[in-house]
Amino acid sequence: MINVTELRPGNYFIDEGNLYRVIDILLNKTAMRKMVAKVKVKNLRSGAITELARNSGYGVEDIHVDKSIMQYLYDGGETLVFMNGETYEQVELAKTTYGDIIPFLAPNSEVTMMSYEGEILDVQLPSKVILEVVECEPGVRGDTVSNGGSKDATLETGMKIRVPLFIEQGEKISVDTTTGKYDGRA
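Residues numbered from 1 in each chain as written. Predicted model: local features only at pLDDT ≥ 70, side-chain atom pairs only at ≥ 80, totals over all residues. Heavy atoms only, no water.

K.L.:
Explain the overall build of the protein to me, please; I cannot follow it from the model alone.
P.N.:
Scanning the protein for helices and strands turns up 1 helix and 16 strands. For the protein, the spread of C-alpha atoms along the three principal axes comes to 65 × 45 × 25 Å. Each of the 186 residues in the protein was classed as buried or not, and the buried ones make up 38%. For the protein, long-range pairs separated by at least 24 residues make up 41% of all intrachain contacts whose partners lie at least 6 apart in sequence. As presented, the protein carries roughly 10,900 Å² of accessible surface, and 48% of it is formed by carbon and sulfur atoms. Here the protein holds 20 positive side-chain charges and 28 negative ones, and the gap between their average locations is 9 Å. (Helix = DSSP H or I, 4+ residues; strand = E, 2+ residues; numbered from the N terminus. Buried < 20%, exposed > 50% of the residue type's maximum accessible area, 1.4 Å probe, protein only. Contact = heavy atoms within 4.5 Å. Areas by Shrake-Rupley, 256 points an atom, 1.4 Å probe, with all protein chains shown as cover. Lys, Arg positive; Asp, Glu negative; His and termini not counted. Charge placed at Lys NZ, Arg CZ, Asp CG, Glu CD.)

If you want it as structure tokens, here you go:
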């Protein structure tokens, strides 16, 4: 057991039978009251993000989550198929649960998979991914007023983003996975 005031962003814990990952924590202490911890958490089974308010002294069960590097193999229709590079074990995840990561998954790309007692809880993408531009309109020199110096591009995963005018079809670019925006040439 760990006191709720000792939690930090990135910690994993069990409270009332639910598995959570701490996103943020705010400790509030007023003159005559106990300290209150407002913990912004992600429920790892449902994916819901909520805020828990607990008094100082409230205990939660701190858990150890296993992390493994997995390689994305292919889209299996209803599932996404990953493989552990060390054990060659394959894991299939439902697209309905992890659909938000699909635009960033190119074949052979790596992700970090978190599991607890064999149950896969979360999939973390790297902060930036390298993807190839498969289609983009040609950049027109001097046309920076109408579209702000950028143009539409389609990436190898089917994702559509705005890129600078100098990016051409066939180039590899870096994409920020938190914002989904162009980050630079690869």
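K.L.:
Which parts of the structure should I look at to understand the pairing of strand β14 (residues 160-164)?
P.N.:
In the case of a regular strand, side chains alternate between the two sheet surfaces. As paired strands, strand β13 (residues 150-155) and β14 are joined by 5 bridges and run antiparallel to one another. Paired with Ala153 across the bridge in β14 is Ile161. The hairpin formed by β13 and β14 contains 4 residues between the paired strands, and Gly158 there has a positive phi angle of roughly 95°. (Pairing = 2+ DSSP bridges.)

K.L.:
Which parts of the structure should I look at to understand the sheet that holds strand β3 (residues 18-28)?
P.N.:
Within a sheet, each strand pairs with its neighbour through backbone hydrogen bonds, oriented either parallel or antiparallel. Strand order across the open sheet formed by 6 strands is β1-β6-β2-β3-β4-β5, with antiparallel pairing between neighbours. Both outer strands of the open sheet, β1 (2-3) and β5 (49-55), are each paired with one neighbouring strand and no more. Sheet analysis places β3 next to strand β4 (residues 36-43), joined by 8 bridges and oriented antiparallel. For Val22, the partnering residue across the bridge sits in β4 and is Val41.

K.L.:
Would you explain the packing of aromatic side chains in this entry?
P.N.:
To describe a pair of aromatic rings, one takes the distance between the centres and the angle between the planes. Overall, the coordinates contain 2 aromatic pairs when judged by the stated rule. Centre to centre, the rings of Phe13 and Tyr20 are 5.4 Å apart; their planes meet at 35°, and the pair counts as tilted. Taking the relative accessible area as the measure of exposure, Phe13 reaches 1% and is therefore buried. Here the basic side chain of Arg54 rests over the ring of Tyr58, its NZ or CZ set 5.2 Å away from the ring centre. (Phe/Tyr/Trp six-rings, centres within 6.5 Å; stacked < 30°, edge-to-face > 60°. Lys NZ or Arg CZ within 6 Å of the ring centre and 35° of its normal.)

K.L.:
What should I look at first to understand the pattern of salt bridges in this one?
P.N.:
When their charged atoms lie close together, side chains carrying opposite charge are able to pair. Following the criterion strictly, the structure yields 9 salt bridges and no others. Across the salt bridge formed by Lys42 and Asp122, the nearest N and O atoms sit 3.8 Å from each other. Placement of Lys42 in strand β4 and of Asp122 in strand β11 (residues 119-124) is noted, with a sequence separation of 80 residues between them. Lys42 sits in the partly exposed class, given a relative accessible area of 21%. The partner of Arg45 in a salt bridge is Glu119, and the shortest N-O contact between them spans 3.0 Å. Pair noted here: Arg45 is in the loop between β4 and β5 and Glu119 is in strand β11, with a separation of 74 residues, a long-range link. Of the residues examined, Arg45 reaches a relative accessible area of 47% and is grouped as partly exposed. Because the salt bridges share partners, they merge into one network encompassing Asp15, Glu16 and Arg54. (Salt bridge = Lys/Arg side-chain N within 4 Å of Asp/Glu carboxyl O.)

Keep in mind these numbers describe shape, not what the thing actually does.
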